[in-house]
Amino acid sequence: MPLRLKLKPQERAIIGGAAIQNGRSRTEIFIENEVPVLREQDIMSPAAVRTPCERIYLALQLMYVDPSHAADHAALFLSMFEDVADAAPSCQPHLDLIAHCAREGRLYQALKNAKTLLVYEQELLGHVQKRA
């Protein structure tokens, strides 16, 4: 069953490693084979990364959309993963879920779980900022 992807005007996406941008009107694309697909709202640019958990998300994203360099991206992911686990043990339940999905090759699901880690990280940082 094909994946139906509806793109808003000017919306960007990554489909099978290709960065695309929609034109001036809504469009609907049917993807008939298994390829990595990320909508603009789920894409994190390297320039936007500011926090350790965002680095984890970026490494996972690169593993997902750039499988030809997955080993390099996985090494970065593991390094960031260990740094966050050591620095913020309360993140461990989120990290375990992400790692489980990544080990099983379910990288899109790992990315979805990493989004919850990003929300949790912002909550933690919010507590720190309130004390300062």
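K.L.:
Got a minute to help me understand the overall build of the chain in this structure?
P.N.:
Helix and strand content of the chain: 4 helices and 5 strands. Across the chain, helices and strands are ordered from the amino to the carboxyl terminus as β-β-β-β-β-α-α-α-α. Principal-axis analysis of the C-alpha atoms places the extent of the chain at approximately 45 × 35 × 25 Å. Counting across all 132 residues of the chain, residues that qualify as buried make up 36%. Put simply, of all contacts in the chain between residues at least 6 apart along the chain, 49% involve residues at least 24 apart. Accessible surface computed for the chain: about 8,400 Å², of which carbon and sulfur atoms make up 55%. Separation between the mean location of the 15 positive side-chain charges and that of the 16 negative ones in the chain comes to 10 Å.

K.L.:
How should I be thinking about the pattern of salt bridges in this particular structure?
P.N.:
Side-chain pairs of opposite charge can arise whenever the charged atoms involved come near each other. Here the structure, examined in full by the defined rule, presents 5 salt bridges. A salt bridge links E28 to R4, with the nearest nitrogen and oxygen atoms 3.1 Å apart. Taken together, the residues E28 in strand β4 (residues 27–31) and R4 in strand β1 (residues 3–7) connect sequence positions 24 residues apart. On the accessibility criterion, E28 (37% relative accessible area) is partly exposed. A salt bridge links E54 to R50; its shortest N-O distance comes to 3.4 Å. Given a relative accessible area of 58%, R50 falls into the exposed group.

K.L.:
Would you explain the environment of L62 in this entry?
P.N.:
With respect to the secondary-structure elements, L62 resides in helix α1 (residues 52–65). The partly exposed category is assigned to L62, whose relative accessible area is 24%.

K.L.:
Is there a simple way to explain helix α2 (residues 70–87) in this structure?
P.N.:
A turn of α-helix holds 3.6 residues, and therefore any two residues three or four places apart point the same way. Compared with an ideal rise of 1.5 Å per residue, which puts 18 residues at 26 Å, α2 spans 25 Å between its outermost C-alpha atoms and is within 8% of the ideal. Every buried residue of α2 is listed here: H73, F77, M80, F81, V84 and A85. The arc that holds the buried residues of α2, viewed along the axis, is 135 degrees, so those residues lie on one side. In this structure, α2 carries A71, D72, D86 and A87 as exposed residues pointing more than 90 degrees from its buried face. On its buried face, α2 sits against α1 and α3 (92–103).

K.L.:
Explain the packing of α2 against α3 to me, please; I cannot follow it from the model alone.
P.N.:
How two helices sit against one another is set out by the angle between their axes and by the gap between those axes. Orientation of α2 relative to α3, taken along the N-to-C sense of each, is 160 degrees, at an axis distance of 10 Å. By the angle between their axes, α2 is roughly antiparallel relative to α3. Crossing handedness for the pair α2 and α3: left-handed. Across from F77, F81, V84 and A85 in α2, the residues of α3 making contact are Q92, L95, I98 and A99. Here the residues of the contact of α2 with α3 are counted per class, giving 7 nonpolar, 1 polar and no charged.

K.L.:
For this particular structure, what's the right way to read the packing of aromatic side chains?
P.N.:
For any pair of aromatic rings, the description rests on two quantities: the centre-to-centre distance and the angle between the ring planes. According to the stated counting rule, one finds 2 aromatic pairs in the structure shown. Both rings, one in Y64 and one in Y108, keep their centres 5.9 Å apart while their planes meet at 50 degrees; by these two values the pair is tilted. Of this pair, Y64 sits in helix α1 while Y108 sits in helix α4 (residues 107–131), placing them 44 residues apart in sequence. On the numbers, 5.6 Å between centres and 50 degrees between planes, the contact of F77 with F81 is tilted. Taken as a pair, F77 and F81 lie in helix α2 at a separation of 4 residues, close to a single helical turn. On the basis of relative accessibility, which here comes to 5%, the residue F77 falls in the buried class.

The rules behind these values
Residues numbered from 1 in each chain as written. Predicted model: local features only at pLDDT ≥ 70, side-chain atom pairs only at ≥ 80, totals over all residues. Heavy atoms only, no water. Helix = DSSP H or I, 4+ residues; strand = E, 2+ residues; numbered from the N terminus. Buried < 20%, exposed > 50% of the residue type's maximum accessible area, 1.4 Å probe, protein only. Contact = heavy atoms within 4.5 Å. Areas by Shrake-Rupley, 256 points an atom, 1.4 Å probe, with all protein chains shown as cover. Lys, Arg positive; Asp, Glu negative; His and termini not counted. Charge placed at Lys NZ, Arg CZ, Asp CG, Glu CD. Salt bridge = Lys/Arg side-chain N within 4 Å of Asp/Glu carboxyl O. Expected span 1.5 Å × (residues − 1). Arc of directions from axis to C-beta. Axes fitted to C-alpha atoms, helices over the stretch in contact; angles between N-to-C directions. Parallel < 35°, antiparallel > 145°, perpendicular 65-115°, else oblique. Left-handed = near helix turned anticlockwise from the far one by under 90°. Nonpolar A, V, L, I, M, F, W, Y, C, P; charged D, E, K, R; others polar. Phe/Tyr/Trp six-rings, centres within 6.5 Å; stacked < 30°, edge-to-face > 60°.

Geometry only, nothing functional implied.
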